Amino acid sequence: MIAASSLRRASLAAVLFLAATAAQAAIVLQITVSSERLNPADAPVAQTAVLGKRYLSVRDGKRMTVVDFAARQRYSIDTASATYEQESLFAVVAERAASMRQRKDVAVLTPQQGDQAVIWSLAGQPLLKIGLARQPVSDDDARAFAQFLRYTWHVHPLVLDMLAGGRQIPHEFALYQRDAAGSIVRHFHIHSFTADVPETDPLSGYRPLALSASAPLLERLLEQATRLQALGPETHATMRAQADQVFAAQHTFEAFLMMLEDNLSTGALVEHLSREQLLAMQASEPIQQLLRALSAKDLEIIEEGLASVQALRAQLGPEQPMLAFFEAGLRGKLGQWPEAQVLYLQVLQVKPHLAAAYKELGDALYAQGHMPDAWRSWDAGRALAPTHRVFKSVDALEKSLLKQYPAFF
């Protein structure tokens, strides 16, 4: 492994390709990007981009971004501290989905040939000015170049599609864009092109960023989840045996909650109940109240169910975190996502192996537009209970994103 001090001194190319043993080859580009707007002008940016088959890395000063297409993760690296943070590529796509849907039915680009460049426009507005000097590349390398622009400069998808299929990389080009400050033209000059460089591990020598003690509770719980071990197959038998003992002691509602906790942690169904247990559950008014609340669909009935669960929580006290979990679910049905999020965090502090709570917390974060944390929460839950049925909707969402936006992956 390369020492952190060496990483701080060396260029990106030297860091990535020392002692390379992988058979895959990459392209290394040295790029200068200068931007012009009316006022003020942006300072030029020097970038080194490595376009590999399985990953993309872009270095800009002391920051480096690595997009790992195999792991479907994006890493933001601080080279000075040799630490990184990561987020799911699905979260990146979900954040951009709204703007991409708005562009779904746009027309084609039209070219205007000049002496030294071609300007490509959409509905009369220029999007790309591309110089005549170009480097021939393979289809894979052209697609990798488009990915560099997609993840680094948020380029219009029509421009990306054209560059991805062009089998060439221009030496000079300009992008016409808009940002929060208004119109901007970015001029790209590729002044170094190195092909057939062996790929290596772009994260070698870096470590995950450690959280501070003052980090928000959400961050601390999600980081803690990455260090948890998945529950073994014996867990269900143990939890069910404990619930049966509580049933035998005639604490029917508490036993029912323990069975639900088993289900939401391991995915095991609540089944093989004895006749006595079934009759006791049917006679338990708290159980019937909870079931009515959880099955409610009309807004007014959901609100009544929420009040019922809150009353049950008041009776049993904070030692029953499962009721807090169910209250959070009802608040989610009412669109009270911040309140639901607070409750899920309370539950996970007490029940860190409750896989379904990570799923529901992820739903609450997703509904509020917090995509990176939503996927972190979902991934935490799936790591604890990979086959749990509760994650089917998350799996379906990812399949939908893969189908709708395959170019990102």
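Scroll up to find the structure.
As a convention, each chain's residues are numbered from 1 in the sequence order in which they are written. Reporting in this predicted model follows two pLDDT cut-offs: at least 70 for local features of residues, and 80 or more for side-chain atom pairs to be given and counted; totals over whole chains, interfaces and linings ignore these cut-offs and use all residues. The side-chain numbers reported here are obtained from all heavy atoms of the structure, hydrogens and water having been left aside.

**Student:** Could you give an account of the overall build of the chain, with specific residues and numbers?
**Tutor:** A tally of helices and strands in the chain yields 16 helices and 14 strands. Oriented by its inertia axes, the alpha-carbon framework of the chain measures out at about 85 × 50 × 35 Å. Burial status follows relative accessibility: with a 1.4 Å probe on protein chains alone, a residue under 20% of its type maximum counts as buried, one over 50% as exposed, and anything between as partly exposed. Counting every position in the chain, which comprises 409 residues, the buried fraction comes to 45%. For this analysis, residues touch if any pair of their heavy atoms sits within 4.5 Å. A separation threshold of at least 6 residues defines the contact pool for the chain, and within that pool the share at least 24 residues apart is 58%. All accessibility values rest on the Shrake-Rupley procedure with a 1.4 Å probe; residue burial counts only the protein chains present in the view. For the chain, the computed accessible surface area is about 20,600 Å², with 53% contributed by carbon and sulfur atoms. When charges are counted, neither His nor the chain ends are considered; positive counts come from Lys and Arg and negative counts from Asp and Glu. A charge is said to be at NZ when it belongs to Lys, at CZ for Arg, at CG for Asp and at CD for Glu. Across the chain, the centroid of the 39 positively charged side chains sits 5 Å from that of the 42 negatively charged ones. In this text, helices come from DSSP runs of H or I with a minimum length of four residues, and strands from runs of E with a minimum of two, each type numbered from the N-terminal end.

**Student:** Before we move on, could you go through the packing of helix α11 (residues 299–316) against helix α12 (residues 321–333) and cite the residues and values that matter?
**Tutor:** Taken N-terminus to C-terminus, the directions of α11 and α12 make an angle of 160°; their axes are 9 Å apart at the nearest point. With respect to α12, the element α11 is oriented roughly antiparallel. The handedness of the crossing between α11 and α12 is left-handed. Along its contact with α11, which presents Ile 302, Gly 305, Leu 306, Val 309, Gln 310, Leu 312, Arg 313 and Leu 316, the element α12 presents Leu 323, Ala 324, Glu 327, Leu 330, Arg 331 and Lys 333. In this analysis an axis means a line fitted to C-alpha atoms, helices contributing only their contacting stretch, and an angle means the value between N-to-C directions, from 0 to 180 degrees. An angle counts as roughly parallel when it lies under 35 degrees, as roughly antiparallel when it exceeds 145, as roughly perpendicular when it falls between 65 and 115, and as oblique in every other case. Handedness of a crossing follows from how the near helix is turned relative to the far one, being left-handed for an anticlockwise turn of less than a right angle and right-handed for a clockwise one.

**Student:** Would you mind going over the packing of aromatic side chains in detail, with residue names and values included?
**Tutor:** By convention, a stacked pair of Phe, Tyr or Trp rings (six-membered ring in the case of Trp) has centres within 6.5 Å and planes under 30 degrees apart, an edge-to-face pair has planes over 60 apart, and any other such pair is tilted. Overall, the coordinates contain 14 aromatic pairs when judged by the stated rule. An angle of 75° between the planes, with centres 5.4 Å apart, marks the rings of Phe 325 and Phe 326 as edge-to-face. Within the aromatic cluster, the residues linked to one another by ring pairs are Phe 90, Tyr 366, Trp 375, Trp 378 and Phe 409. Across the ring face of Phe 408, the terminal group of Arg 150 is positioned such that the distance to the ring centre comes to 4.9 Å. Any Lys NZ or Arg CZ found within 6 Å of a ring centre and within 35 degrees of that ring's normal is scored as a charge over the ring.

**Student:** Outline helix α14 (residues 355–367), listing residues and values.
**Tutor:** With 13 residues, α14 extends 19 Å between its outermost C-alpha atoms, agreeing within 8% with the 18 Å of an ideal straight helix rising 1.5 Å per residue. Counting buried residues along α14, eleven of its 13 residues qualify, which places the element largely inside the surrounding structure. Where α14 is concerned, the buried positions are Ala 355, Ala 356, Ala 357, Tyr 358, Lys 359, Glu 360, Leu 361, Gly 362, Asp 363, Ala 364 and Leu 365. With its phi angle positive at about 85°, Gly 369 sits one or two positions after the end of α14. Each helix should span, by expectation, one fewer than its residue count multiplied by 1.5 Å.

**Student:** Describe the nonpolar core, naming the residues involved and giving the relevant values.
**Tutor:** One finds Leu 51, Phe 145, Phe 148, Leu 149 and Phe 325 to be the most contacted residues of the largest nonpolar core, which totals 102 residues. Sequence-distant contacts of Phe 148, defined by excluding residues within four places in its chain, comprise Ile 31, Gln 47, Ala 49, Leu 51, Leu 56, Val 58 and Trp 153. Joining through side-chain atoms within 4.5 Å is the link that ties buried Ala, Val, Leu, Ile, Met, Phe, Trp, Tyr and Cys residues into a set, and such a set is a nonpolar core. In this structure, Tyr 75, Ile 77, Ala 82 and Tyr 84 belong to the second largest nonpolar core, which totals eight residues.

**Student:** Which residues make up the sheet that holds strand β6 (residues 83–88), and what values go with them?
**Tutor:** Strand order in the open sheet formed by twelve strands is β7-β8-β9-β12-β13-β1-β2-β3-β4-β5-β6-β14, with mixed pairing between adjacent strands. Bordering the open sheet on either side are β7 (110–113) and β14 (207–208), each of which pairs with just one other strand. Strand pairing requires that DSSP identify at least two bridges connecting the strands. As paired strands, strand β8 (residues 117–122) and strand β9 (residues 125–131) are joined by six bridges and run antiparallel to one another. What sits directly across from Ser 121, in β9, is Pro 126. In the packing of helix α5 (residues 157–164) onto the sheet, the strands contacted are β8, β9 and β12 (172–179), and the crossing angle to β9 comes to about 25°.

**Student:** I'd like a rundown of the pattern of salt bridges, residues and numbers included.
**Tutor:** Within this document, salt bridges are pairs made up of a side-chain nitrogen of Lys or Arg and a carboxyl oxygen of Asp or Glu, the two lying within 4 Å of each other. Here the structure, examined in full by the defined rule, presents 19 salt bridges. Where Lys 359 meets Asp 363, a salt bridge forms, and the shortest distance between an N and an O atom there is 2.5 Å. Of this pair, Lys 359 and Asp 363 both sit in helix α14, four residues apart, which is roughly one turn of the helix. As far as the burial class goes, Lys 359 and Asp 363 line up, both buried. Across the pair Arg 376 and Asp 373 runs a salt bridge, and its minimum N-O distance is 3.2 Å. Here the residue Arg 376 and the residue Asp 373 both occupy positions in helix α15 (residues 371–384), the gap between them amounting to three residues, near one helical turn. The exposure class of Arg 376 is partly exposed, given its relative accessible area of 26%.

**Student:** Describe the pairing of strand β4 (residues 63–68), and please don't skip the residues or the numbers.
**Tutor:** One face of the sheet, then the other: side chains in a regular strand alternate in exactly this way. As defined by bridge partners, strand β3 (residues 55–60) adjoins β4 across six bridges and the pair is classed as antiparallel. By the bridge assignment, Tyr 55 is partnered in β4 with Asp 68. Count of turn residues in the β3/β4 antiparallel hairpin: two residues, of which Gly 61 carries a positive phi of about 65°. Strand direction decides the pairing type here: β4 and strand β5 (residues 73–78), joined by six bridges, are antiparallel. Looking across to β5, one finds that Val 66 is bridged to Tyr 75. Linking two consecutive strands that pair antiparallel, namely β4 and β5, is a turn of four residues; a positive phi of about 55° is found at Arg 72 within it.

**Student:** Account for unusual backbone geometry, with residues named and values stated.
**Tutor:** In this structure, His 154 takes a positive phi of about 50° despite not being glycine. By the element assignment, His 154 lies in the loop between α4 (139–153) and α5. Even without being glycine, His 272 reaches a positive phi, approximately 55°. Counting through the fold element by element, His 272 comes out in the loop between α8 (252–266) and α9 (275–283).

**Student:** Residue-level account of the environment of Leu 160, with values.
**Tutor:** Tracing the sequence through the fold places Leu 160 in helix α5. Separated by 115 residues in sequence, Leu 160 and Val 45 place their C-alpha atoms 21 Å apart.

**Student:** Kindly report on the side chain of Thr 83, identifying the contributing residues and their values.
**Tutor:** As for its position among the elements, Thr 83 is in strand β6. Take Thr 83: its relative accessible area is 8%, and that puts it in the buried class. A 3.5 Å cut-off defines polar contacts: any pair of N or O atoms within that distance qualifies, except that in protein one atom must be a possible hydrogen donor and the other a possible acceptor, and neighbouring residues in sequence count only when both atoms are side-chain atoms. Separated by 2.7 Å, the side chains of Thr 83 and Ser 81 make a polar contact.

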